[in-house]
Each structure stands twice: as C-alpha cells, then as structure tokens.
Amino acid sequence: MTPPVEAPAPQTEVRTVICPHDCPDTCAMTATIENGVVVKMGARADHPITKGFLCVKTQYYQERLYSPLRVLYPQRRVGPKGSGQFERISWDEAIATIAARFRGIIDRYGAEAILPYSYAGAMGKLSYASMDRRFFGYMGASLLDRTICSTTGAEAYKAVMGTTMGTDPEGFPTARLIIAWGTNPVSTNVHLMPFIHEARSRGAQFVVVDPHRSKTAAQADLHIRLNPGTDAALVLAMIHVMVRENLHDPAFLAAHTIGWEALEARAREWTPDRAAPITGLSAEQITEFARLYATTQPSVIRLSYGMTRHTNGGQNTRAVVMLPAVTGAWGRVGGGALLSTSGTFGLDLAALERPDLPARHPHRPRTINMIQLAEALNDVTDPPVMGMLVYNSNPANVAPNQRRVLAGLAREDLFTVVHEHLMTDTARYADILLPATTTFEQSDLFTAYGHLYLQLGRPAIAPMGEAIPNTELFRRLAAAMGYDDPCFRDSDDDMIRQALSSEHPFLEGITLERLEAETFVHLNTPTRPFVPFADGFYPTPSGKIELYSETLLRLGLDPVVDYVPE
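Everything in this summary refers to the structure shown in the same document. (Residues numbered from 1 in each chain as written. Predicted model: local features only at pLDDT ≥ 70, side-chain atom pairs only at ≥ 80, totals over all residues. Heavy atoms only, no water.)

What about the overall build of the protein?
- Along the backbone of the protein there are 22 helices and 21 strands.
- The dimensions of the protein, computed from C-alpha atoms along their principal axes, are 85 × 75 × 45 Å.
- Across the 566 residues in the protein, those meeting the buried criterion constitute 58%.
- In the structure as shown, the protein presents an accessible area of about 22,500 Å², 51% of it carried by carbon and sulfur atoms. (Helix = DSSP H or I, 4+ residues; strand = E, 2+ residues; numbered from the N terminus. Buried < 20%, exposed > 50% of the residue type's maximum accessible area, 1.4 Å probe, protein only. Areas by Shrake-Rupley, 256 points an atom, 1.4 Å probe, with all protein chains shown as cover.)

Shown next as structure tokens:
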C-alpha cells in the first residue's frame, strides 16, 4: 500500500512593509506571507512610533490587496465612458497607444494640452514625485498645483516659521500642557496618543480646541468648543489677556521675532468680551484658557488642517502658530507647535524630481490648480485639456464640483489614462486603464509628517498580475515618446541614492545600504528628542519668527494676523 503523500509545509515569513497612506504616522507594518500570499497584517513592535499596533484601515490591508476590484492587467475601454467596460490588452499595445495619442495631442494643441493629475494616494517619495515629474517636465505638459489638502496650512505655517518643522512627537511626554487644536488624533494620528497618555500620566493637562466633540475631545481634560472658523479671534483675545496680565515673554519676543508691536496693537483691539460672541465661548472661558496656556510650560500645540477648511483658514493657522512665540515656548523639549515634521528631512528633492526640465521649453508651462479640475475640463482654455494621466488620485471622487468633473471626464474627445490598484470611480472613465503595484509590491523611500524616521520600503510579494510601479510606467512612456535624457534610465535605487545625496546634516550617515539593513533610521538631529529652532535660527526672510510678514504684504494680504469672517 502506497503511503499517503504529505502536503508540504507552508513557507512562512514575516516582512516589513511601510504604510503609504497620507497620514502623519507612516507606520512600519509587518506582513505574514505564506507561499507568496499575505495572510496577516501586524506592526513592528520595535518601531518607536508604530509601537506594535496599527489603525483600523491597515489591519485589513490584505483585503484591499486581494480585492475582486483589483486591476491586474492593462485594459482598453470598450463601452461608454463611466461604464467600466474594458477589454484586456498587452503592455506593449497600451504604451504604444498612449504614446501615439499623446504625440497627436502635442502636434495639434501643444504639450500643455496634456495634464498630469496626482496627489497622495501613495506617499513614498518615488511614488509621489520622481520619474513622473521628470516625464511631464521634459514633455512640457501643464503643471499641476497640488493644493487639495495641506497647502493652506503649510503656507500659513511657513509664513510665520519659515519651514514646516515642528516639535518632535517623541518630546511630547515632557510637555506639561498639550493642546490638540483643530485635529482629532484618536482617529487621524493615533500613534501620537501614547505620547499624550504618557505626558498625562506625568501630570500634564490635555486640551482640545474643536467645534466638534470628537473622540479626542471626549478624552480631554478641557474641551474648548468654539464656533467653526473663529480660531483667529480666539487667539487674538488670548494674546490680549496675556499682555494685559503680563503673561507673555518679552525677552523671547525681542530676541526671536519681528512684528511684535504690530501684533500687540492688533490684539489690543480684541478683548475677550469682543471675541466671546464670535467664538461662541464666554469671556471667562477665553481668559482662563489664555492663563492656562501662558503659565504652563513646556506647552505644545498639535494643530492640523481642520481649521484650514474655511475661507479664512490661512489666518486661523497663522494665528495659532504665533502663540508659542508669545509665551516663549520654543527652544525646549516638549515645547512649541507641530503641524508637520516634513521640513526636517532635507532630502535632495530637486535631484529626484528634476524641476529644471520644464526650463528646456521656450516658456514655462501653465499651471492648473487641481481643485479647479472641473473648470479645466469643461471651460474654454487655450489650449484645451485634451489628455490626462491620473495616478495616485481619484478625482471623480475627491475633486470639488463633482458633477462638472464627471461631465468633463465623460468627454469623448478627452483621452484619459488611469494607473490604479482598483476599479475606482475615475478608473471607470479611463480610455486606457493600467495596473499599479501597491506598497507590498514595490520599492520606495518614505519620509513622514508626524515623526523623524526615514524608512525604506521593499517588495514583500511579487507584483500581482502585470502591475508595475509608476516609476516604471513613466520610464516606458519616456522610451516610447523618444525622450533620451539619461534621467529616464535611472532605476528606483538610483533615485533613492539621488534623494539621499543631500548635504543636509540631518542626513549624514544615512545611506541606502544602511536603510537596507535597518529599514528605519532616525534623522541625524543634534538631540533626541529633537528641539527645532533651538539654535535661534528661523528660515524666514528675516531670520526670525515673523509676526509681521512682508512676504504676505507683497501678495496683497494683511501682514498682521486678524480675524476675518468666513
């Protein structure tokens, strides 16, 4: 009798995968793989930010990876636009079709009639902005102003501080007062919460400023529930109280800021009684909050982009960012403010993206604001948008004025290429639909906007179907279009090395080989936790914190922050 043949034991391994989502945490995930298939998600316990746990979205990432909606092969539209009816074609046919259609558009209308449309569907530096920027820059296509999320907040922060550099989250446990202003970290920045809990266990107070009683507000010691869009009025009234009661820091203001006299004069007009009916708070609440903030050090404000979702959002953010200067909260562990850590990394993004390539054309290509896609696709422009390549985004779902966006995407004379993981709303309007790899299937370099670890992502599984990363897509398109610049022959590792070639001191000693060995590496900051601006240098035009902005004045904006009704 023949003995039964035993099934071979499954080949199991655990690999690190970096989360690519548009989230400050940029987690180091783990993928348990059996016979080449991801069967379980986890988190690196030794990662100082991830700390062994994931958010709800990423816990079930394998369900997205193996979704029946996954795009696995190049396809050509065979039904009406929006119907999602396609037939499979080869990569050679797809690339040849795209190149021929793009050449035809360029010959008739010029390269500006082609529009790239992308954002933060994948936040790795290669996926977000590398070979794609080279390709469209060399072509002379319309430039895309990627403003849909963070631009207002980032520009407001930089108008005051000069860069998007903020308090190190690992310094939060030292703070005695933590304010979550216009943000809900329990839901959107969950890996900050352990640091907040640690600070509270040491006696820190936790305040939330938010019109909504969010999950974070429900956990706070104090919830300042102001009316939407009135943050600047609250800040100016707080500064009024601090000056009136001599709770500000004149020495810090004199040494580190310009424009204090103008800001003080503006705040003098904003009594708590004036701000109360605007903010929906009582004068007593405003006064007590100002006293709490001014007399508790170290203090840190974690702000995010919620307050920028108003017509006066820039003023709101700019006002909040000024508070640490008024109390002298900068320059100590656990003090200051945090909108983003992105300005700390110092990569050579110019080497990666090659912004010099559009300069090879007689005139700089026009810029189209991504939030005005509806207008760009439907209104008369010169030249009209006749071709689009969409990647890392889903404009049919996220762009404003959705009905007009869909009407534009339905134009029969618009040639649309979509590079995607799944059959999204936008993918259904594609003329050519291309399969994209996920973070499990490609290499990438990751910074973060919620911590200071540089991370390397490597493929954990082989690409599914015929999916390719967008770096490879744009290499193939460049070859098909006859673009012979050597930059189009750079490999992914070549581009990672170029990004790391920066002379910024925080990158000293961080190489691709080191990242290969360690996966995540803390920036080479002078201290840990890192204390931004401890040297008293601020990369503004004046070299100081700008409470009065000549830059904004030249743009026709008020150089002194004020409350402007929505």
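A short note on the packing of helix 9 (residues 231-244) against helix 11 (residues 260-268)
- Relative orientation of the contacting elements helix 9 and helix 11 amounts to 100 degrees, with a least axis distance of 8 Å. For the element pair helix 9 / helix 11, the angle class is roughly perpendicular. Residues Leu236, Ile239, His240 and Val243 of helix 9 lie in contact with helix 11, whose contacting residues are Trp260, Leu263, Glu264, Arg266, Ala267 and Arg268.
- Considered class by class, the residues forming the contact of helix 9 with helix 11 number 6 nonpolar, 1 polar and 3 charged. (Axes fitted to C-alpha atoms, helices over the stretch in contact; angles between N-to-C directions. Parallel < 35°, antiparallel > 145°, perpendicular 65-115°, else oblique. Contact = heavy atoms within 4.5 Å. Nonpolar A, V, L, I, M, F, W, Y, C, P; charged D, E, K, R; others polar.)

Comments concerning the packing of aromatic side chains
- Within this structure, the stated rule accounts for 17 aromatic pairs.
- Residues Tyr391 and Phe474 carry aromatic rings whose centres are separated by 5.2 Å and whose planes lie at 70 degrees to one another, so their mutual orientation is edge-to-face. Remark: Phe474 occurs in helix 19 (residues 470-481) and Tyr391 occurs in strand 15 (residues 387-391); sequence separation between them is 83 residues. Taken individually, Tyr391 and Phe474 each receive the classification buried, so the pair is uniform in this respect.
- Centroid distance Phe506 to Phe530: 5.3 Å. Interplanar angle 80 degrees. Geometry classified as edge-to-face. Here the residue Phe506 occupies a position in the loop between helix 20 (492-500) and helix 21 (512-518), and Phe530 occupies one in the loop between strand 20 (520-522) and strand 21 (545-546), the gap between them amounting to 24 residues. (Phe/Tyr/Trp six-rings, centres within 6.5 Å; stacked < 30°, edge-to-face > 60°.)

Overview of helix 13 (residues 283-295)
- Here helix 13 spans 18 Å end to end across 13 residues, near enough to the 18 Å set by a 1.5 Å rise per residue.
- The set of residues buried in helix 13 consists of Ala283, Ile286, Thr287, Phe289, Ala290, Leu292, Tyr293 and Ala294. (Expected span 1.5 Å × (residues − 1).)

Section: helix 6 (residues 151-161)
- Taken residue by residue, helix 6 has Gly153, Ala154, Ala156, Tyr157, Ala159, Val160 and Met161 as its buried positions.
- Against the buried residues of helix 6 lie helix 14 (313-327), strand 13 (336-338), strand 21 and helix 22 (550-554).
- Downstream of helix 6 by a residue or two, Gly162 has a phi angle that is positive, lying close to 90 degrees.

With respect to the pairing of strand 2 (residues 28-34)
- Extensive coverage of strand 2 is indicated by the burial of 6 of its 7 residues.
- By the bridge criterion, 7 bridges tie strand 1 (residues 12-18) to strand 2 in an arrangement that is antiparallel. Across the sheet, the residue bridging to Arg15 is Ala31, located in strand 2.
- As defined by bridge partners, strand 2 adjoins strand 3 (residues 37-43) across 6 bridges and the pair is classed as antiparallel. Of the residues in strand 3, the one forming a bridge with Thr32 is Lys40.
- Following strand 2, the chain reverses through 2 residues before pairing antiparallel with strand 3; Asn35 in that reversal takes a positive phi of roughly 50 degrees. (Pairing = 2+ DSSP bridges.)

Concerning the side chain of Thr344
- Relative to the assigned elements, Thr344 resides in the loop between strand 13 and helix 15 (349-353).
- Classification of Thr344 as buried rests on a relative accessible area of 0%.
- Within the structure, Thr344 has its side chain in polar contact with the backbone oxygen of Thr341 (distance 2.9 Å).
- Sequence-distant contacts of Thr344, that is, excluding residues within four places in its chain, are made with Thr164, Met165, Leu452, His504, Phe506, Leu523 and Phe530. (Polar contact = N/O pair within 3.5 Å; in protein donor to acceptor, adjacent residues only side chain to side chain.)

Details of the sheet that holds strand 12 (residues 299-303)
- One open sheet holds the 5 strands; their spatial order is 10-9-8-12-13, and the pairing between them is parallel. Only two strands of the sheet have a single neighbouring strand rather than two, namely strand 10 (222-224) and strand 13. For this sheet, the mean inter-axis angle between neighbouring strands, taken without regard to orientation, is 20 degrees.
- Taken together, the 5 bridges between strand 8 (residues 177-181) and strand 12 define a ladder with parallel strand orientation. Across the sheet, residue Leu177 finds its bridge partner in strand 12, namely Ser299.

What to know about the layout of surface pockets
- Space inside the second largest pocket adds up to approximately 560 Å³.
- Lining the second largest pocket are 25 residues, with Glu155, Ala156, Gly314, Leu552 and Leu557 positioned closest to its centre.
- It is helix 6 that contributes the most residues to the lining of the second largest pocket, 6 residues altogether.
- Its residues placed into classes, the lining of the second largest pocket shows 7 nonpolar, 13 polar and 5 charged. (1 Å grid on protein atoms, 1.4 Å probe; cavity = no way out; pocket = protein on both sides within 12 Å on 5 of 7 lines; lining within 4 Å. Points joined across faces, edges and corners; volume = space filled by probe spheres on them.)

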